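Single-letter residue listing:
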Amino acid sequence: MSEMLLRCPSCQKEVNLSEEVNLDILNTITHKSCEPQSSIKDSGTLEEMIDKYPFFESILHPLADEPLEEEQSK
Ligand SMILES: [Zn+2]
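Residues numbered from 1 in each chain as written. Predicted model: local features only at pLDDT ≥ 70, side-chain atom pairs only at ≥ 80, totals over all residues. Heavy atoms only, no water.

Asks: I keep staring at the packing of aromatic side chains and nothing clicks. Help me out?
Replies: Between two aromatic rings, the relevant description is the distance of the centres plus the angle of the planes. Per the stated rule, a full pass over the model turns up two aromatic pairs. When the centroid spacing of 5.7 Å and the interplanar angle of 45° are considered together, the rings of Tyr53 and Phe55 count as tilted. On the basis of relative accessibility, which here comes to 25%, the residue Phe55 falls in the partly exposed class. Seen from their ring centres, Phe55 and Phe56 are 4.5 Å apart, and the 35° between their planes marks the pair as tilted. Look at Phe56 and you get buried, because its relative accessible area is 1%. Through pairs of rings, three or more aromatic residues link up here, namely Tyr53, Phe55 and Phe56. (Phe/Tyr/Trp six-rings, centres within 6.5 Å; stacked < 30°, edge-to-face > 60°. Buried < 20%, exposed > 50% of the residue type's maximum accessible area, 1.4 Å probe, protein only.)

Asks: Sorry, what's going on with the pattern of salt bridges here?
Replies: Any two side chains of opposite charge can pair, so long as their charged atoms come close to each other. Applying the stated criterion to the full structure yields two salt bridges. The partner of Glu20 in a salt bridge is Lys32, with the nearest N and O atoms 3.1 Å apart. With Glu20 in strand S3 (residues 20–24) and Lys32 in the loop between strand S4 (29–31) and strand S5 (40–45), this pair connects stretches of sequence that are 12 residues apart. The exposure class assigned to Glu20 is partly exposed, which follows from its relative accessible area of 40%. Here Lys52 ties to Asp42 by a salt bridge, and the two come within 2.8 Å at their closest N and O atoms. Placement of Lys52 in helix H1 (residues 46–52) and of Asp42 in strand S5 is noted, with a sequence separation of 10 residues between them. Note on Asp42: relative accessible area 15%, which makes it buried. (Salt bridge = Lys/Arg side-chain N within 4 Å of Asp/Glu carboxyl O. Helix = DSSP H or I, 4+ residues; strand = E, 2+ residues; numbered from the N terminus.)

Asks: Help me understand the side chain of Asn22 in this model?
Replies: Looking at the element boundaries, Asn22 is found in strand S3. Note on Asn22: relative accessible area 7%, which makes it buried. With near-sequence residues (within four places) excluded, Asn22 lies in contact with Thr28, Ile29, Thr30, His31, Lys32, Ile40, Asp42 and Ser43. (Contact = heavy atoms within 4.5 Å.)

Asks: Looking at this structure, I do not really get the side chain of His31. What am I missing?
Replies: One can find His31 in strand S4. With near-sequence residues (within four places) excluded, His31 lies in contact with Cys8, Cys11, Lys13, Glu14, Val15, Glu19, Glu20, Val21 and Asn22.

Next comes the structure, spelled out in structure tokens:
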């Protein structure tokens, strides 16, 4: 099981849940102290952003792409 890892595109370092971040209009997370990639739409700790914006779920826990349609012919 892999730890969730979000990298700040500005400094290339990983962002921890408790770190203050900016969320920009392209839904990119950057450290609050780093240069934003775009216009900022929200800010807070990474944890707050994850709570607030459900789309992070799919980034942090990508759906396991089970090849369900693989041939099950008998
Ligand atoms: Zn950064």
